[in-house]
Amino acid sequence: PVNLRAYDDPRSHFVHDDAKSFFAASDRKFDLILSEPSNPWVSGVSGLFTDEFYGRVSGYLTPDGVFGQWLHLYEIDDHLVLTVLAALHRNFKSYAVHLTNDVDILVVASNADRLPTPDWSVATFPDIALDLARFDPLTPTSLDATLLLTRDELRPLLDSFPGANSDFYPVLDLGAERTRFLKESAFGFLGLSNARFDVAAALGGRRVALAPATRPSVLIPRIEAQALSARVRGPERLYATDSLIENRGFQRARTHEAQLEMWIASGRAPTDWYLWFTDMMTAEADRHAGTMGSVDSAWYARVERYMVEQRGPRAGLSALRFQRSAASYDWPMAARELDLQIAERAAGRQWLNVETFYDMAIVTALRTGRVAVARSLLARMPSATDRSADDLRVQLLDGHVKAAERASVRR
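These lines cover the structure that appears in this document, whether it is placed above or below. The residue count restarts for each chain, going from 1 along the sequence in the order it is written. Restriction of local features to residues with pLDDT of at least 70 applies here, the model being predicted, together with a cutoff of 80 or more for giving and counting side-chain atom pairs; totals for whole chains, interfaces and linings are based on all residues. Working from all heavy atoms in the structure, the side-chain values ignore hydrogens and water.

Let us look at the pairing of strand E4 (residues 104-110). Of all the seven residues making up E4, five are buried; the element is thus mostly covered by neighbouring parts of the structure. Pairing between strands requires that DSSP locate at least two bridges from one strand to the other. Strands are runs of DSSP state E lasting at least two residues, helices are runs of H or I lasting at least four, and both sets are numbered from the N terminus onward. Sheet topology note: the strand E2 (residues 61-72)/E4 ladder contains seven bridges and is antiparallel. Bridge pairing links Phe67 to Ala109 in E4. Across six bridges, strand E3 (residues 94-99) lies against E4 in antiparallel orientation. Bridged to Ser94 within E4 is Ser110. Remark: four residues form the turn of the hairpin made by E3 and E4, two consecutive strands paired antiparallel. The rule is simple: take the accessible area with a 1.4 Å probe, protein chains only, and divide by the maximum for that residue type; under 20% is buried, over 50% is exposed, in between is partly exposed.

Laid out in structure tokens, this is it:
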């Protein structure tokens, strides 16, 4: 029932054959090729994720044609996913990585210099809308939120990536069974969608605006976070279809917000500024979850005014300004607070979440030309955070730092 239109449409023709053989035997080019094979640990399947396969597929596409590649993020690790993306990177001029649920990605690639802009209005076509009527609406905002990475954001890492998956270097075939056995996950990729500070979006200057109130239509962390933060910012509202977990999450976020408002309205300073700041940043995350490059300016101004009026610690006020500036891509302003925040962390005073701090600090240093500072911070990240050196976010930052280092040498 979910795909009957493909079978009922008289324009559909079905060929049961090996895909490579079919393409090789047909002297045709296609507007769309979609590859959704079995998992790569199945014998023989990893050959559909190789440099050589993508080289052939790109030749079967029309100049503006689109290729779609499915891949999972469960029972695999960041490095193996990168070996597939590196193979794609070598063969397509443009691509973007979308998260289609909480454990799968779809890479949309093209021979064109730029990917076409998605036309989400297809979800409103009468027949398709009828098929989707049982579900929460797939809005343009929620569909835009599926975007995880772009080619530009990955380029500094993948331009010189040493181990693209290949017929002659079958790293995916050799590694997929191991990661399946160990029940690993590509945590770096998954983390881009649920982190307060999205490293990839920041490196690419990509903005994700504060979303309007909506029900989460897809089980994707960013979409769920956007739905929660919109409800926190707006009038209190519960949905009849809320699960117990959703209800508790919303009530917890509203409690954080109410406690902060009580402090601001009291006109009194907290007895422990550090604990107050930690609670305030929890409310900040609730209010801004799922966004990048955009903040609730009125909310930030109210919190900063309270800290100034109550003579809050200079370092805490600096941390607030640093968070606001980095989250809104005001890099010169963030740079003015960076040195004090580095010094505070060196002294053992962690005003901000450790991973969020390092992500923001490294991108700030890169954006303001302080490449040596970015390199120093990056060197400390694996020991200061729970991320390994193989984590996608660490590798992304390293790729951009190396690109900045090469550019500074050329100058």
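What follows is about helix H15 (residues 314-327). Helix span is expected to be 1.5 Å times the residue number reduced by one. Look at H15: 20 Å from first C-alpha to last across 14 residues, which is about the 20 Å you get at 1.5 Å a residue. Most of H15 is tucked away, with 11 of its 14 residues classed as buried. Every buried residue of H15 is accounted for by Ala315, Gly316, Leu317, Ser318, Ala319, Leu320, Phe322, Gln323, Ser325, Ala326 and Ala327. Positive backbone phi, approximately 65°, marks Tyr329, located one or two places after H15.

This part takes up the pattern of salt bridges. We define a salt bridge as a side-chain nitrogen of Lys or Arg found within 4 Å of a carboxyl oxygen belonging to Asp or Glu. Per the stated rule, a full pass over the model turns up 25 salt bridges. As a salt-bridge pair, Arg196 and Glu284 come within 2.8 Å of each other at their nearest N and O atoms. With Arg196 in the loop between helix H9 (187-194) and helix H10 (199-204) and Glu284 in helix H13 (residues 273-288), the pair connects residues that are 88 residues apart, well separated along the chain. Residue classification places Arg196 among the buried residues on the basis of a relative accessible area of 13%. Through salt bridges with shared partners, one network takes in Arg375, Asp398, Lys402 and Glu405.

Moving on, we get to the environment of Val97. As for its placement among the helices and strands, Val97 is situated in strand E3. Put simply, Val97 and Thr146 are 49 residues apart on the chain and 8.5 Å apart in space, counted from C-alpha to C-alpha. In this structure, Val97 is in contact with Leu85, Ile105, Leu106, Val107, Thr146, Leu147, Leu148, Leu149 and Leu154, ignoring residues within four places of it in sequence. When checking whether two residues touch, look at their non-hydrogen atoms; a contact exists if any pair is within 4.5 Å.

Attention now moves to a nonpolar patch on the surface. Two distance rules govern patches: like charges are joined within 9 Å, and nonpolar side chains (Val, Leu, Ile, Met, Phe, Trp, Tyr) within 5 Å, applied only to residues with over 30% relative accessible area and no salt bridge. In this description, accessible areas are obtained by the Shrake-Rupley approach with a 1.4 Å probe, and a residue is regarded as covered only by the protein chains that are shown. A contiguous nonpolar surface patch, about 240 Å² in accessible area, is contributed by Val122, Phe125 and Ile128. Relative to the helices and strands, Ile128 is located in helix H5 (residues 126-131).

Right, let's get into the packing of aromatic side chains. Between the rings of Phe, Tyr and Trp (Trp by its six-membered ring), a pair exists once the centres lie within 6.5 Å; its type follows the angle of the planes, with under 30 degrees stacked, over 60 edge-to-face, and the other angles tilted. In this structure the tally under the stated criterion is 18 aromatic pairs. For the ring pair Phe23 and Tyr60, a centre distance of 4.9 Å and an interplane angle of 20° mean the geometry is stacked. Placement of the pair is Phe23 in helix H2 (residues 19-25) and Tyr60 in helix H3 (residues 51-60), with a sequence separation of 37 residues. Grouping residues by exposure puts Phe23 and Tyr60 together as buried. Seen from their ring centres, Tyr329 and Trp331 are 5.5 Å apart, and the 20° between their planes marks the pair as stacked. Using a relative accessible area of 9% as the deciding quantity, one classes Tyr329 as buried. Under the relative-accessibility criterion, Trp331 is labelled buried at 9%. Taken together through their ring pairs, the aromatic side chains of Phe22, Phe23, Phe30 and Tyr60 make up a single cluster.

With that settled, the discussion passes to the sheet that holds E2. The strand order across the open sheet built from five strands is E1-E2-E4-E3-E5, with neighbouring strands paired in mixed fashion. The open sheet is flanked by strand E1 (30-35) and strand E5 (147-150), the only strands paired with a single partner. The sheet shows a mean angle of 15° between the axes of neighbouring strands, direction not considered. Against the sheet, H3 touches E1 and E2, its axis set at about 140° to E2. An axis is simply a line fitted to the C-alpha atoms; with a helix, the fit covers only the stretch in contact. Between two such axes, the angle follows the N-to-C directions and lies from 0 to 180 degrees.

Locating Thr62 in the fold gives a position in strand E2. On the basis of relative accessible area, Thr62 is assigned to the buried category, the value being 16%. There is a polar contact of 3.2 Å between the side chain of Thr62 and the side chain of Asp31. When residues no more than four places from it in sequence are discounted, the contact partners of Thr62 are Lys29, Phe30, Asp31 and Asn111. A 3.5 Å cut-off defines polar contacts: any pair of N or O atoms within that distance qualifies, except that in protein one atom must be a possible hydrogen donor and the other a possible acceptor, and neighbouring residues in sequence count only when both atoms are side-chain atoms.

This part covers unusual backbone geometry. Positive phi, normally seen in glycine, also occurs at Arg311, with a value near 55°. By the secondary structure assignment, Arg311 is in the loop between helix H14 (297-309) and H15. One non-glycine residue, Tyr329, adopts positive backbone phi at about 65°.

Now for the side chain of Asp296. Here Asp296 lies in the loop between H13 and H14. The exposure class of Asp296 is buried, given its relative accessible area of 15%. One polar contact links Asp296 to Arg287, side chain to side chain, over a distance of 2.6 Å. Contacts of Asp296, omitting those with residues within four sequence positions, involve Leu210, Arg233, Arg287 and His288.

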